[in-house]
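Coordinate analysis (summary)
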Amino acid sequence: MSDKYTLSVKKRPLGEWVLWALWLILEIFVLQNAISSSQELEPRAAAIFWVTFVVLLLAGAVVWFVRRNK
């Protein structure tokens, strides 16, 4: 049997894990607020939360893309 595929886990500092966890918690919080505002028929608040959610999501994707080879 050949070992074609290997899984390597990169060690990262604890601070980086904490920042990613905070980003994920913030994303969940903003998403929950966006959905709630939409259901409560608050279009201005919902739009602000949806835009904030997308901006945070794109920012996280950009950070991951830039740092993926480190």
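For the structure itself, consult the block above.
Read on for an overview of the structure.

Parameters and conventions
Residues numbered from 1 in each chain as written. Predicted model: local features only at pLDDT ≥ 70, side-chain atom pairs only at ≥ 80, totals over all residues. Heavy atoms only, no water. Helix = DSSP H or I, 4+ residues; strand = E, 2+ residues; numbered from the N terminus. Expected span 1.5 Å × (residues − 1). Buried < 20%, exposed > 50% of the residue type's maximum accessible area, 1.4 Å probe, protein only. Phe/Tyr/Trp six-rings, centres within 6.5 Å; stacked < 30°, edge-to-face > 60°.

The next thing to look at is helix α2 (residues 43–67). If you check α2, its first and last C-alpha atoms are 36 Å apart, about what 25 residues at 1.5 Å a residue would give, namely 36 Å. Every buried residue belonging to α2 is among A46, F53, L56 and G60, and all of these are buried.

What follows covers the packing of aromatic side chains. Within the structure shown, the criterion is met by two aromatic pairs. Note on W20 and W23: the rings are 5.5 Å apart at their centroids and 90° apart in plane angle, and the pair reads as edge-to-face. In this pair, W20 and W23 are both assigned in helix α1 (residues 14–39), three residues apart and thus about one turn of the helix distant. Aromatic pair W50 and F53: ring centres 6.2 Å apart, planes at 90°, arrangement edge-to-face. Here F53 and W50 lie together in helix α2, a separation of three residues that amounts to about one turn. Given a relative accessible area of 34%, W50 falls into the partly exposed group.

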